Amino acid sequence: MKDFTFDAYRLYLKTIQSTYKHILRFDEYLRLGRKPVSFAMIRHDIDRRPLKALRMARVENEMGIRSTYYFRVKPHVFKPSIIKAIKRLGHEIGYHYETLSDAMGDHASALKRFRQNLEMLRLYSRIDTICMHGRPFSPHNNLDLWRNPETRSRLTTNYRILGEIYLDIDYHDIAYITDTGRNWDQKRSNKRDVVDTNVLASLKNGMGLFHALKNKRWQKIIFQIHPERWSENESEYFIQFLNDTCVNLVKKVL
Ligand SMILES: [Zn+2]
């Protein structure tokens, strides 16, 4: 079976489902007072191709799985009908923000845009959690928007946000498994999307990932998946493969 296809994704989900009793959305996790000793959380960053996200959301729904979809507020991603459809399938919608890089590092303007975009998203869904978009080619790190403690406290008080998932989750004992760079190796092609963890979750390939999940190598996992990379048929698979290979080359040069 080819990796990065919907068939492979179904297999990973099935394996996670059979091994982890708790599959939590990020809002559910942040609301829990006492966290379970073992759990899985599935997170999707919708950087582009929102329709693909909807298809993946349906796959999960058919399997009885609920996850979290972080949407950018950009014309090619912000599609209200898709956002509403994913929400109706039982998934959480979050905000994948990038207003500091949009505002070229100007904090006041970035905060204003953040509030406006959040309000726009909230026209179509409840939004409880947010997650920065790590724009690889921008000099600005969007997490810096919350560097000032006063601004950060506004997140809960003014914007009614439960948490920024890079800042408000303690990752030290969580395996962070991500498809960034179209591989399962934490150390490659991963410029900004990194968390501070003691758990090494670098795998050679999809087979390695499958066995690790099946044998429950980790008690806690975050499975971070970009739907746009996953194909539903063979020809789409090769186009996506070439595309990701090019992006990785550019990142390497940078
Ligand atoms: Zn992103």
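Residues numbered from 1 in each chain as written. Predicted model: local features only at pLDDT ≥ 70, side-chain atom pairs only at ≥ 80, totals over all residues.

### Re the nonpolar core
Phase 1: Counting 51 residues, the largest nonpolar core has Ala-40, Tyr-69, Phe-71, Ile-177, Ile-221 and Phe-223 as its most contacted members.
Phase 2: Setting aside its immediate chain neighbours within four residues, Ile-177 contacts Trp-184, Ala-201, Leu-209, Ile-221, Ile-222, Phe-223 and Gln-224. (Core = buried A, V, L, I, M, F, W, Y, C linked by C-beta atoms within 7 Å. Buried ≥ 20, exposed ≤ 12 C-beta atoms within 10 Å, placed from the backbone. Contact = placed C-beta atoms within 7 Å.)

### Focus: the environment of Arg-160
Phase 1: With respect to the helices and strands, the residue Arg-160 is situated in the loop between helix H7 (149-157) and strand S6 (163-164).
Phase 2: Judged by local crowding, Arg-160 falls into the exposed class, with 12 C-beta atoms found within 10 Å.
Phase 3: Separated by 31 residues in sequence, Arg-160 and Thr-129 place their C-alpha atoms 9.1 Å apart. (Helix = DSSP H or I, 4+ residues; strand = E, 2+ residues; numbered from the N terminus.)

### Focus: the environment of Leu-30
Phase 1: Relative to the helices and strands, Leu-30 is located in helix H2 (residues 26-31).
Phase 2: By C-beta crowding, Leu-30 is classed as partly exposed, having 17 other C-beta atoms within 10 Å.
Phase 3: Not counting residues up to four positions away in its chain, the partners in contact with Leu-30 are Thr-129, Leu-162, Gly-163 and Asp-168.

### Thoughts on the pairing of strand S5 (residues 129-132)
Phase 1: Of the two faces of S5, both are covered, the one formed by Thr-129 and Cys-131 as well as the one formed by Ile-130 and Met-132.
Phase 2: Sheet topology places strand S4 (residues 92-97) next to S5; 3 bridges connect them, and they run parallel. Looking across to S5, one finds that Tyr-95 is bridged to Ile-130.
Phase 3: Sheet analysis places S5 next to S6, joined by 2 bridges and oriented parallel. When the sheet's bridge partners are listed, Ile-130 is paired in S6 with Glu-164.
Phase 4: In this fold, the crossover linking S5 to S6 by way of H7 has right-handed handedness. (Pairing = 2+ DSSP bridges. Right-handed = clockwise from strand over helix to strand, strands pointing away.)

### Observations regarding the pairing of strand S3 (residues 68-71)
Phase 1: The alternating pattern of S3 places Thr-68 and Tyr-70 and Tyr-69 and Phe-71 on opposite faces, both of which are buried.
Phase 2: The parallel pair strand S2 (residues 39-46) and S3, bridged by helix H3 (residues 50-62), forms a crossover whose chirality is right-handed.
Phase 3: Relative to S4, S3 is paired through 4 bridges, and the arrangement is parallel. Residue pairing across strands places Tyr-69 opposite Ile-93, the latter belonging to S4.

### Brief notes about the packing of H3 against helix H4 (residues 80-88)
Phase 1: One way to put it is that H3 packs onto H4 with a least axis distance of 10 Å and a crossing angle of 15 degrees. Relative to H4, the element H3 lies roughly parallel. In this structure, H3 meets H4 at a crossing whose hand is left-handed. In this structure, H3 contributes Pro-50, Leu-51, Ala-53, Leu-54 and Ala-57 to the contact, and H4 contributes Ile-82, Ala-85 and Ile-86.
Phase 2: Of the residues that constitute the contact of H3 with H4, the class distribution is 8 nonpolar, no polar and no charged. (Axes fitted to C-alpha atoms, helices over the stretch in contact; angles between N-to-C directions. Parallel < 35°, antiparallel > 145°, perpendicular 65-115°, else oblique. Left-handed = near helix turned anticlockwise from the far one by under 90°. Nonpolar A, V, L, I, M, F, W, Y, C, P; charged D, E, K, R; others polar.)

Geometry only, nothing functional implied.
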